[in-house]
Amino acid sequence: MANRDPDLLPDADRLDVTREPVPHVAFGHGVHHCLGAALARLELRIVYTSLWRRFPGLRLADPAQETRFRTSTPAYGLTSLMVAW
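Residues numbered from 1 in each chain as written. Predicted model: local features only at pLDDT ≥ 70, side-chain atom pairs only at ≥ 80, totals over all residues. Heavy atoms only, no water.

Asks: Tell me about the overall build of the protein, residues and numbers included.
Replies: Looking only at helices and strands, one finds 1 helix and 4 strands in the protein. For the protein, the α and β elements follow one another from N to C terminus as α-β-β-β-β. Put simply, the protein has 85 residues, and 6% of those count as buried. Contacts in the protein between residues at least 24 apart in sequence constitute 24% of all its contacts with a sequence separation of at least 6. Looking at the protein as shown, the accessible area adds up to about 7,300 Å², and 60% of this sits on carbon and sulfur atoms. (Helix = DSSP H or I, 4+ residues; strand = E, 2+ residues; numbered from the N terminus. Buried < 20%, exposed > 50% of the residue type's maximum accessible area, 1.4 Å probe, protein only. Contact = heavy atoms within 4.5 Å. Areas by Shrake-Rupley, 256 points an atom, 1.4 Å probe, with all protein chains shown as cover.)

Laid out in structure tokens, this is it:
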């Protein structure tokens, strides 16, 4: 339940990019640490910076409460994310 453990934070299934970091196992820990974790973090930093620069008016097209998450597959994530600019 990486990043979604209700014992670690309230409303764990809600996307909140302003949430304070919590201990989790998304990239593993110790000997189980993902070798690609640093690369993935760097890629995300570059992608988000480039995205905001190219589309400064980027925003959610639908209210955040209507965001639906995929829960029936091994890869947790959004089913879709409607945006406008």
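From this point, things continue past the structure.
Asks: Explain the packing of aromatic side chains to me, and be specific about the residues and the numbers.
Replies: Scanning the model with the defined rule gives 2 aromatic pairs in all. Between Tyr48 and Trp52, the aromatic rings sit 6.0 Å apart at their centres with planes inclined by 15 degrees, giving stacked as the arrangement. Here the residue Tyr48 and the residue Trp52 both occupy positions in helix 1 (residues 37-54), the gap between them amounting to 4 residues, near one helical turn. Under the relative-accessibility criterion, Tyr48 is labelled partly exposed at 43%. (Phe/Tyr/Trp six-rings, centres within 6.5 Å; stacked < 30°, edge-to-face > 60°.)

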